[in-house]
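Here is what each chain is made of, one letter per residue.
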Amino acid sequence: MNDLVEVRPGVYRDSVTLMRVSRALTERPGVSVAVVAMATELNVGLARDLGFAVPPATPGDLLVAVRAGSPAELEDASAELERQLAAREQPGGTPRGEAPPRTTRSAARAFEASLVLVSVPGEHAFAEALDAVEAGLSVMIFSDNVPVEQEILLKDRARARGVLVMGPDCGTAVVGGAGLGFANVLRPGNVGVVAASGTGAQQVTSLLDLSDVGVSHVLGVGGRDLSAEVGGRSAMQALRALDDDPATELIVLVSKPPAPEVARAVRDLDLATPVVAALLGPGQDDLTTAAEKVLRALGHDVPEWPSWPAPVRQADATAGTSGAERQAASRGGAADRRALRGLYAGGTLCAEAALVAGTGEFTDFGDDAYTRGRAHPMIDPALRLEALRGVASGVVLMDVVLGHGADPDPAAWLAPAICDAVARGVDVVVAVVGTDGDPQGLRAQAARLNEAGAAVFTSNAAAARHARLLAGG
C-alpha cells in the first residue's frame, strides 16, 4: 500500500467541504482510505488508528491522509485532491483585485447585510457573533460547542442592541423565505415558528407543508435557549417579533424538553397572536399532534400522514393478522420483548422518539460529543452506518432529514445497509422528514428505503409507535 500524509499549517476549510473532498477521493480507483480534515485531536486519532504516521499538528492545520494501491493511483488521487480543494476554496463575491473582508463587521458593511450566519469551529464562534451583534446585526450561529456563558452574554448584548441571536447550535431558520442551515423547501404562508430545535421545526413545518399550509418565518433560537441557564432569552424575543409581524397569524413554539420554569415564563408572555406549544416532555404533545392542532386552529382537515409499510417476510406471515401485528405475533408479541435501538441524526427527533416508544436505547449522533471535528450526521452518515452494521437483531428506528444542506441522496447509502440489516433479521423503521419540494424528493427517498425493507413514516411519532409495537411494547 502507498500512503500520502501531509499537515498543511494554517489552512482551514469547513467540515462539510472536507467531508465531500474525502468522499470524492475515496471514490477514485485504487483509493482505499482518504481522510481530509482539520487536524483536531479526534481526526488525528482516527488517521493514526487507520495506520497513518501523522506528524505533530494543531487543530488549525489541514490533515491529509490518503492510501492507494499503487504509486500511480496515489499520484492521481493527489492531483484530484488539489483540484477539489482549489474548486472549493471560496465562492465568488469579492470583485477581482479587491481583498476579501477580514472581519464579520467589514463583510456586513461590504454586502449591506442585515443578518450574519456564523459557521466556524465553536471556539471561534463567539468573537464573530459578537462582532455582528455590536454592529447592530442579527446573527444565526450554526456552530455548536459554544460555552453557555458566551451564549448568555451574546443574547444579553443582542437584546440591548435590539437584534436577535439565533443559536448557538441553530441548525435551521427560514427568514423572509430564505432557508438557512438545514432548511426544507416550504411554501409561504401565515404560520410563524420559534424553535429551540432544528429538526423539531423541520418535522412540524414539513407536516404542515404536506397539508398545504405554509410559513412566514422560522426563527431558530438554539437547543439550549429554553434551558434553566439561558432562560428563553431568544425565544421571548422571537415570539414578540412574530407577534408584531402582520404576515404571521399563528405561532408554533417548538422545543426539546425545556426547563419547567422557563416553559411557564414563555407560555405566560402576553401576545396577541395565538400560540401552539410543542414543548416535548412526559405528558406533553408530540410534534405530530402539535402540527395537527395547528391545522385545526386554521380550519384545515387533518390528513392521514403518508407512510409505507415494510414488506412482510414470508416467515413472518400469520393468518388473520397484518402489518406490524403480524410481525409482532410471529415473535410472541408483547410477551417476547426485543431490543429497540434508536440511531438518530436529529436531537429533538431522538428525544421525541424515546418519549413515544417508552423503551429502548437511543443515540443522538448530532450531539456535540459526536460532531466535534466532523460533519453533522445529516451530512456524513459514517457513524450511523457503523452503528447500524453492529445491530444483529431486534428493531432499529432511524430518522432521515431532507432539505437543503442535508445529504443530497441519503437513500444511496442507507438502502444497502437496510437490506443487510433486514437479512440479519432486524426490523428497520425510518422517519423521513421532508417535503415534496425538497431536492432529494420526499416520496422518491421514502420509496427506495421501503423497497430496501424498511417501514417508512413521515411522522416521527408514528414511526416510534410502530417500532414500539415491533419490539413487543
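Up top is the structure these notes are about.
No experiment lies behind these values; they were computed from the predicted model shown.

### So, the side chain of Arg8
For step 1, the next point in the chain: Along the chain, Arg8 turns up in strand β1 (residues 2–8).
For step 2, the next point in the chain: Looking at Arg8, the relative accessible area reads 18%, which means it is buried.
For step 3, the next point in the chain: Among the polar contacts listed, one links the side chain of Arg8 to the side chain of Glu82, at a separation of 2.5 Å.
For step 4, the next point in the chain: Among residues more than four places away in sequence, those in contact with Arg8 are Asp61, Leu62, Val64, Leu81, Glu82 and Leu85.

### A short note on the sheet that holds strand β14 (residues 340–344)
For step 1, the next point in the chain: Read from one edge of the open sheet, 6 strands run β13-β18-β17-β16-β14-β15, paired in mixed fashion. Each end of this open sheet is capped by a strand with a single partner; those strands are β13 (307–308) and β15 (361–364).
For step 2, the next point in the chain: In terms of strand pairing, β14 meets strand β16 (residues 395–401) through 4 bridges, oriented parallel. In the sheet register, Leu343 faces β16, and the bridge partner there is Met398.
For step 3, the next point in the chain: Sheet strands in contact with helix α12 (residues 347–357) are β14, β15, β16 and β17 (427–433), and its direction is about 170 degrees off that of β15.

### Observations concerning the packing of aromatic side chains
For step 1, the next point in the chain: Counting across every chain of the model gives 3 aromatic pairs.
For step 2, the next point in the chain: An angle of 55 degrees between the planes, with centres 5.5 Å apart, marks the rings of Phe142 and Phe182 as tilted. With a gap of 40 residues between them, Phe142 in the loop between β5 (138–141) and α6 (148–161) and Phe182 in the loop between β8 (178–181) and β9 (188–196) connect regions that are remote in the sequence.
For step 3, the next point in the chain: For Phe142, a relative accessible area of 26% corresponds to the partly exposed category.
For step 4, the next point in the chain: On the basis of relative accessibility, which here comes to 6%, the residue Phe182 falls in the buried class.

### Quick look at the environment of Ala339
For step 1, the next point in the chain: By secondary structure assignment, the location of Ala339 is in the loop between α11 (323–330) and β14.
For step 2, the next point in the chain: Ala339 sits 129 residues away from Arg468 along the chain, and the two C-alpha atoms are 9.8 Å apart.
For step 3, the next point in the chain: The contact partners of Ala339, leaving out residues within four places of it in the chain, are Gly394 and Val395.

### With respect to the pairing of β9
For step 1, the next point in the chain: As judged from the 5 bridges shared by β9 and strand β10 (residues 215–220), these two strands associate in the parallel manner. Bridged to Val194 within β10 is Leu219.
For step 2, the next point in the chain: In this region the chain leaves β9, passes through helix α7 (residues 198–210) and returns to the parallel neighbour β10; the handedness of that crossover is right-handed.
For step 3, the next point in the chain: The sheet contact formed by β9 and strand β11 (residues 250–255) spans 6 bridges and is parallel. Counted as the bridge partner of Val191 is Leu250 from β11.

### Description of unusual backbone geometry
Most peptide bonds are trans, and most residues other than glycine sit at a negative phi.
For step 1, the next point in the chain: In the segment running from Gly167 into Pro168, the intervening peptide bond is cis, with an omega of 5 degrees.
For step 2, the next point in the chain: You can see Pro168 is positioned in the loop between β6 (165–166) and β7 (172–175).
For step 3, the next point in the chain: In this structure, Asp169 takes a positive phi of about 60 degrees despite not being glycine.
For step 4, the next point in the chain: Looking at the element boundaries, Asp169 is found in the loop between β6 and β7.
For step 5, the next point in the chain: Of note, the phi angle at Asp212 is positive, near 65 degrees, even though the residue is not glycine.

### Points about the sheet that holds β6
For step 1, the next point in the chain: The strand order across the open sheet built from 3 strands is β4-β5-β6, with neighbouring strands paired in parallel fashion. Looking at the sheet topology across the chains shown, the edges are occupied by β4 (115–118) and β6.
For step 2, the next point in the chain: In this sheet, β5 lies alongside β4 in parallel orientation, the contact comprising 4 bridges. Residue Leu115 lies in a different strand from β5, and its bridge partner there is Ser138.

### Describing the nonpolar core
For step 1, the next point in the chain: The biggest cluster of nonpolar side chains holds 82 residues, and the ones touching the most others in it are Leu397, Ile418 and Leu449.
For step 2, the next point in the chain: A total of 8 residues in this core trace back to one element, the largest contributor, which is helix α15 (residues 410–423).
For step 3, the next point in the chain: Here Leu397 is in contact with Leu340, Arg341, Gly342, Leu343, Tyr344, Ala353, Phe362, Val429, Ala463, Ala464 and Ala467, once residues within four sequence places are set aside.
For step 4, the next point in the chain: Within the second largest apolar cluster, 25 residues are counted, among which are Leu219, Ala259, Val266 and Leu279.

### A look at the pairing of β17
For step 1, the next point in the chain: Counting buried residues in β17 gives 7 out of 7 residues, a clear majority hidden from the surface.
For step 2, the next point in the chain: A two-sided burial pattern is seen for β17, the buried positions comprising Asp427, Val429, Ala431 and Val433 on one face and Val428, Val430 and Val432 on the other.
For step 3, the next point in the chain: By the bridge criterion, 7 bridges tie β16 to β17 in an arrangement that is parallel. By the bridge assignment for β17, Val400 is matched with Val432.
For step 4, the next point in the chain: In this fold, the crossover linking β16 to β17 by way of α15 has right-handed handedness.
For step 5, the next point in the chain: For β17 and strand β18 (residues 455–457), the ladder comprises 3 bridges, and the chain directions are parallel. The residue of β18 that forms the bridge with Ala431 is Phe457.
For step 6, the next point in the chain: Traced from β17 through helix α16 (residues 442–451) to β18, the parallel crossover comes out right-handed.

### As for the packing of helix α5 (residues 122–134) against α6
For step 1, the next point in the chain: Viewed as axis vectors pointing N to C, α5 and α6 meet at an angle of 10 degrees, and their least axial separation amounts to 9 Å. Put simply, α5 runs roughly parallel to α6. Residues Phe126, Ala129, Leu130, Val133 and Glu134 of α5 lie in contact with α6, whose contacting residues are Gln150, Leu153, Leu154, Arg157, Ala158 and Arg161.
For step 2, the next point in the chain: Taken together, the residues that form the contact of α5 with α6 break down as 7 nonpolar, 1 polar and 3 charged.

What counts as what
Residues numbered from 1 in each chain as written. Predicted model: local features only at pLDDT ≥ 70, side-chain atom pairs only at ≥ 80, totals over all residues. Heavy atoms only, no water. Helix = DSSP H or I, 4+ residues; strand = E, 2+ residues; numbered from the N terminus. Buried < 20%, exposed > 50% of the residue type's maximum accessible area, 1.4 Å probe, protein only. Polar contact = N/O pair within 3.5 Å; in protein donor to acceptor, adjacent residues only side chain to side chain. Contact = heavy atoms within 4.5 Å. Pairing = 2+ DSSP bridges. Axes fitted to C-alpha atoms, helices over the stretch in contact; angles between N-to-C directions. Phe/Tyr/Trp six-rings, centres within 6.5 Å; stacked < 30°, edge-to-face > 60°. Right-handed = clockwise from strand over helix to strand, strands pointing away. Core = buried A, V, L, I, M, F, W, Y, C linked by side-chain atoms within 4.5 Å. Parallel < 35°, antiparallel > 145°, perpendicular 65-115°, else oblique. Nonpolar A, V, L, I, M, F, W, Y, C, P; charged D, E, K, R; others polar.

Everything listed here is a matter of geometry and, on its own, says nothing about what the molecule does.
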